[in-house]
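# Structural overview for review
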Amino acid sequence: MNNLKLSREITSSLQLQAEDEAIRFAAFDIERNRLFFASSANFIYTTQLPSSQDGREWSKASFSLAVELVDLEPGDFITSFDYQMEKEALIVGTSRGLLLLHKVENKVTERVGKVEGGVKCISPSPDGDLLGIITGFGQILVMTHDWDLLYEMALEDFPEDVDHQSSKNSSSYHTGELHPKQQSKPKKKPLRGLELPHGLPREGTSSTVNEHPVKGSHCEPTYCSDNSFESLISWRGDGKYFATLSMVNNSISLNNKIKVWERDSGALHSVSESKSFVGSVLEWMPSGAKIAAVYYWKAEKKCPSNNHWYLKHEVRYSRHDGIRFMWDPTKPLQLICWTLGGQITIFSLVWVTAVMENSTALLIDGSEILVTPLSLSLVVPPPMFLFNLRFPSAVRDVAFCSKSSKNHLAASLSNGCLCVVELPQLDTWEELEGKEFSAEASYSESAIGSFVHLVWLDSHVLVGVSHSGFRHSDCLLDTSSGKDGLPGYYLQEIELVCSEDHVPGLVTCSGWHAKRSNQISLEEPVIGIVPNLAKRYSVFVQFDGGKIFEYMSKLCITGGAPVPSLQVHENMRFLSSCPWMYVIPVGDSGQSMSLLFGLDESSRLHVNGRILCNNCSSFSFYSNLADQRLNMETSCLLSRKETKKKKRNYINVWEKGARVLGVLHGDEAAVILQSTRGNLECIYPRKLVLSSIIHALIQGRFRDGLLMVRRHRIDFNVIIDHCGWQAFLQLAPEFVRQVNSLAHITEFVCSIKKENIMETLYKNYVSLPCLKGAKVVEARNFEGFDANNKISSVLLAIRKALEEQGVESPARELCILTTLARSDPPALEEALKRIKVIREMELVGSDDAKRMSYPSAEESVKHLLWLSDSEAVYDAALGLYDLNLAAIVALNSQRDPKEFLPFLQELEHMPTLSMRYNIDLKLQRYENALRHIIIAGDIYYADSMNLMKNNPELFPLGLQLITDPAKRRQVLEAWGDHLSNIKCFEDAAATYLCCTSLEKALKAYRACGNWSGVLTVAGLIRLGKEEVVQLARELCEELQVVGKPGEAAKIALEYCGDVNGGVSLLVSARDWEEALRVAFMHRREDLISQVTDASLECANLLIGEYEEGLEKVGKYLARYLAVRQRRLLLAAKLQSDERSVNDGDYDTASEASSSFSEMSAYTKGTRKGSAASISSSTTSKARDMRRQRNKGKIRAGSPGEEMALVEHLKGMPLTAGAKHELKSLLISLVMVAKEDIARKLQRIGENFQLSQMAAVKLAEDAMSSDIIDEQAHFWIITY
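Described below are features of the structure shown in this document. (Residues numbered from 1 in each chain as written. Predicted model: local features only at pLDDT ≥ 70, side-chain atom pairs only at ≥ 80, totals over all residues. Heavy atoms only, no water.)

## Brief notes about the sheet that holds strand 31 (residues 451-458)
Taken in spatial order, the four strands of this open sheet run 31-32-33-34, and their pairing is antiparallel. Looking at the sheet topology across the chains shown, the edges are occupied by strand 31 and strand 34 (512-522). Here the strands of the sheet are splayed against their neighbours by 25° on average, with no regard to which way each runs. (Pairing = 2+ DSSP bridges. Helix = DSSP H or I, 4+ residues; strand = E, 2+ residues; numbered from the N terminus. Axes fitted to C-alpha atoms, helices over the stretch in contact; angles between N-to-C directions.)

Below, the structure is given as structure tokens:
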């Protein structure tokens, strides 16, 4: 579904050497991009075809690069002409049979042979190995590139009474120097039973020969004398067969036959039926399956065909021009045309999509435009259509405008006319199905001409680019040509007025008047124009090479502004010419800017002077139609190569070569593709679908959003999470009102999830700008809503909306039960309570309207069981203490009656409280069970005690429920026993004290080492003095054993009166100040001397430890710096080695370097390919266990040595206890007049502390950088 558009047109003229001279033949040099022409005066003209950059210079150069005369005898002239790439020379055949080899570079003409009867046709094979020649006597000669004749046969079929073979005993070809090779003519093989290759016609059949007849004139063709020398040989693409067109001599009419010959033997393979073929047009199709020819068509011989061929573009020439053409073999869709007078025109054509911006397909077919609104009927493939527009002449270009519910179409015709059609609104087009409308040419006082490019500025203003100075153009402008009389381009602004009133619902095809309001001469060829959607009455014009200019109409210029002109935009310039161009506006309506996209022939997608994609084949844009100035997103980029992207904003196309035709905007969010087979496919990219859904939800169109979610199988949570589930709580009533379908609401309710899918599932599809329009609010002042529970809160909002808005019906009640069952956690008890109400109404036997608005209890239970776990529903029914309801649930859940019926019967015979107690025990609702069993009376007191002992968390509740003091003491004692069993001795002691169980309280305090509590409880028990002293001595010993000499010293001094033992314990605890205080308090010189000696001994010991610590700090730091330096050097070496070895040698080099000095393991990451990386899991686990055991040890050369050194340095600082001990020791030394040793200890301790802190800081700074400055890392410790 494409149209063929003229992108560029350049022309040049050959300066012929004679007045009556005419161009007859042309040949193409693919290697050097040259074109050769042979004229009737035996001149050979050589011209260099232009590239995309020098088209303007080529058109100015009205002369050929070289002109050479082929020296022939008087009366002899060139009859055939071709270029042979292998010999880099031209092969020339003349009317007198000469075969010449003309070399253009050195201007040498060599005679290679002579053919009797003259040369009628020369045709090289596709591979260049063979040369086919047709002589004037109707003979076919096939020879090699060395001019050796392979075989010769007759082209035409002669009557049986004519002995044609006897008159041709020898070969028709003679070489220039050598004797001709006499070869016997191969016999014609019979055609019966001959197996033909794929696509070749058999003799006597014509179904594949005359592929498509030409409708038109029925007169007999006329031939001039020169036209008899045309190509009559067509080779198949692989060169295995060639076809000829020969006359039927025994026929009265001038009928011809197509013959297919074998390359190797020259045998006739097949022959077509005799038909009246037009001229000598004969081409083998590229696929090799069919041969195309043209013959005169008559009504009685009409052939039906499923194929439909379109006339996509028409260029008109005068009959006297004698137009000839050929396709550029190196550039697709580039047509080279030349006239007999020597004018050469190159047409660069491109395929453009026929789908317009509003998803309407306008397909050009000759003088018709086939109209198909894809948004209404996507399933209508070409050649079918909704309705068609017929024009006076073939359509060359079409422009479409859809603004303010008005649709205008402008068509530029090949005869130079301009037609305008106004179409009704799109939603009324279905009434136009099958109709045809004839459009009339618009009236204009001055000639407007045919346009190369045409766009709408507004519904009544057109801007087009036309050309003048071409022979084939009917465009006659006021200024007929550009500078120096050369062909030129003009930009015209056309204002349109319709003299007829438009009737709504009808098509206006006549009464249009066109007036040229402005015209600007252009210096360079125009590649394309596109309207500027960000600025009214403005268009962008792209010149050859990608230069971008902006044209502003005089309609947007007010006051004393200058005359409309072109303004250059360097920031939007493309890097190369882009035949496909599109503009989208971006930004707010007040400050919008344009993004100019362009696609060049090298598959590069440009945007404002930058390359967006290097392998794009087609592109289109999608809009949600709400604000086309915003939210425009690229819908699809069909890449020729697979690309890797972080975000999945692309989809895989299942058929190679498919292209984007257009998109369906708005809620459809579809991309229309056309495969190489021609069929149309419609895909829905997830990104566009989500964008359209979110946009509909932001606008408050919940029903449309829900229908799109269901249609495209999108997660329903998009409706909740697009703006935050807290905001949806406010929107729930409106959502329920718009959807108005309980089935859809139930489906939505069953799909709600905890997660925010906009941050998980669709994270890569929807970006934050898509959520800017959403009003995100927090859940506050919502009574009954859980701010941390998405599912329950949303379902509660839906349930309230259903109860307030929904009409009472069984379906509504089932939907409400669904919201309860899908809550988190499921609100099964509340659901069963609603079912219980329904059952009670059934038992009453009420037949009123209210009863009929509810489903039956059994149906409700089945619905609840279908949504929830049957065991959970059964337990919830038991929890309501309704045995009948539990039985209904059990029966409908397919449970065996033997399993539940005896249990229910047993419960039925129990007292109410006992029944509830047993149900609570089964459901493990122990708090309810305890309440029920305590209320049941003292007879069940033992059961309540057992329940609390088995569930200790019930003790606080039991104390609240039990009021009898004796029973409360029993509960407290049982609770204390439980706390003692779980080693909570402090709590147990407090609990025992509450129930006055002092013996157990004393044991509990003693078990936890609380000696003050033990002695306090001993006082409460009224123990004797001796018993207390004995108890204190036992506690003192126990505290010494557990390493608490300070507390033991306190007991010895206060309760035992042991001064010597107390001082000794204080010295052991290194509480020097307290030991001195006690010694001086009791005036014991021996104790003072003991404390002094112990403090000196401790001071000397600490001095030694600090000196050893200083040495270790220096050693560890030096080792750390050395290890780190070696690791960095090795890493640098490995990095340099990686640049010189390939990927295959990397593993070997890395493993070898890792073995060096065993330091490479310090680098982060793993070594790919090493043997260590593929060790077994058992070995890895054993290694991990050894590492745990050896944690804290430093092993030289080990992988963790570097980090172990740092951790060890960090673990060497003085603790808070060591600092307190040091301070106490220094004060004690000063008190006993040992200032020197105190000073020495203080200095060494301070040095150790500073050195350790400096070493840690140095190591941490080194770890943050991979570069070590050896000059900066120095430190000195002196003592």
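## Here's the deal with the pattern of salt bridges
Scanning the model with the defined rule gives 43 salt bridges in all. In this structure, the salt-bridge partner of D397 is K5, at a minimum N-O distance of 2.9 Å. One end of the pair, D397, is in strand 27 (residues 395-403); the other, K5, is in strand 1 (residues 2-13), with 392 residues separating them in the sequence. Residue D397 shares its accessibility class with K5, and that shared class is buried. R8 serves as the salt-bridge partner of D544, at 3.1 Å between the closest nitrogen and oxygen. With D544 in the loop between strand 36 (538-543) and strand 37 (548-552) and R8 in strand 1, this pair connects stretches of sequence that are 536 residues apart. Assigned by exposure class, D544 and R8 land together as buried. One continuous salt-bridge network, built from bridges that share partners, spans D29, R32, R34, E88 and E105. (Salt bridge = Lys/Arg side-chain N within 4 Å of Asp/Glu carboxyl O. Buried < 20%, exposed > 50% of the residue type's maximum accessible area, 1.4 Å probe, protein only.)

## Looking at the state of the cysteines
Scanning the model with the defined rule gives zero disulfides in all. In this structure C995 is not part of a disulfide, and its nearest cysteine sulfur, from C994, lies 7.3 Å away. This cysteine, C1036, is not joined by any disulfide, and C1056 carries the nearest cysteine sulfur, 6.0 Å off. (Disulfide = S-S within 2.5 Å.)

## A few points about the environment of W456
Counting through the fold element by element, W456 comes out in strand 31. Under the relative-accessibility criterion, W456 is labelled buried at 5%. Taking C-alpha positions, W456 is 8.8 Å from V530, a pair spaced 74 residues apart along the chain. Each residue touching W456, except ones within four places of it in the same chain, is listed here: A399, F400, C401, H408, L409, A410, V420, V461, L462, L496 and P531. Looking at W456, its side chain comes within polar contact range of the main-chain oxygen of A399, at 3.1 Å. (Contact = heavy atoms within 4.5 Å. Polar contact = N/O pair within 3.5 Å; in protein donor to acceptor, adjacent residues only side chain to side chain.)

## Remarks on unusual backbone geometry
Look at the link from D824 to P825: it is a cis peptide, with omega at 0°. As for its placement among the helices and strands, P825 is situated in the loop between helix 8 (810-821) and helix 9 (828-844). In this structure, S603 takes a positive phi of about 65° despite not being glycine. Positionally, S603 belongs in the loop between strand 40 (592-599) and strand 41 (605-607). Residue class for S603 comes out buried when judged on its relative accessible area of 4%.

## Examining the pairing of strand 7 (residues 89-94)
Burial of strand 7 is extensive: six of the six residues sit out of reach of the surface. Bridge analysis of strand 6 (residues 78-84) against strand 7 gives six bridges, and the strand direction is antiparallel. Residue pairing for strand 7: I78 is matched across the bridge by T94. In this structure, the hairpin formed by strand 6 and strand 7 is closed by a connection of four residues, where E88 is found at a positive phi of approximately 50°. Two elements, strand 7 and strand 8 (residues 98-103), share four bridges in a ladder whose sense is antiparallel. Bridge pairing links G93 to L99 in strand 8. Taking the residues that link successive antiparallel strands as the turn, the strand 7-strand 8 hairpin has three residues, and the phi of G97 there is positive, at about 90°.

## Considering the packing of aromatic side chains
Throughout the structure, instances matching the rule amount to 19 aromatic pairs. With centroids separated by 4.7 Å and ring planes inclined at 65°, the aromatic side chains of F597 and F621 adopt a geometry described as edge-to-face. Of this pair, F597 sits in strand 40 while F621 is found in strand 43 (residues 616-622), placing the two residues 24 residues apart along the sequence. For the pair F597 and F621, one class covers both residues: buried. (Phe/Tyr/Trp six-rings, centres within 6.5 Å; stacked < 30°, edge-to-face > 60°.)

## So, helix 30 (residues 1201-1210)
For helix 30, the set of buried residues is E1201, E1202, A1204, L1205, V1206 and L1209. The secondary structure elements touched by the buried residues of helix 30 are helix 27 (1085-1138) and helix 32 (1235-1263).

## As for the sheet that holds strand 15 (residues 233-235)
Spatially, four strands are ordered 15-16-17-18 in an open sheet, and the strand pairing comes out antiparallel. Among the strands making up the open sheet, the edge pair consists of strand 15 and strand 18 (268-271). Ignoring strand direction, the axes of neighbouring strands in this sheet form an average angle of 25°. Bridge count between strand 16 (residues 241-247) and strand 17 (residues 256-262): seven bridges; the pairing is antiparallel. Within the sheet, the bridge partner assigned to S246 lies in strand 17 and is K257.

## Some words on the side chain of E813
As for its placement among the helices and strands, E813 is situated in helix 8. Its relative accessible area of 1% is what places E813 among the buried residues.

## Quick notes on the pairing of strand 22 (residues 334-338)
Of all five residues in strand 22, five are buried; the element is thus mostly enclosed. Here strand 22 shows two buried faces, one formed by Q334, I336 and W338 and the other by L335 and C337. If you look at the hairpin formed by strand 21 (residues 324-327) and strand 22, you'll find six residues sitting between the two strands, and L333 has a positive phi there, around 60°. In terms of strand pairing, strand 22 meets strand 23 (residues 343-353) through five bridges, oriented antiparallel. Counterpart to C337 in the pairing with strand 23 is T345. Taking the residues between adjacent antiparallel strands as the criterion, strand 22 and strand 23 are bridged by four residues, where G342 takes a positive phi near 100°.

## Here's the deal with the nonpolar core
Ranked by internal contacts, the top residues of the largest apolar core, which has 84 residues, are M948, V971, Y1106, Y1120, L1209, L1225 and L1241. Of the residues forming this core, the biggest block, 15 residues, is contributed by helix 27. Those residues in contact with V971, other than ones at most four positions away along the chain, are Y941, M945, M948, F955, L959 and I962. Judged by nonpolar contacts, the second largest core, of 50 residues, contains F702, V739, I752 and L796. (Core = buried A, V, L, I, M, F, W, Y, C linked by side-chain atoms within 4.5 Å.)

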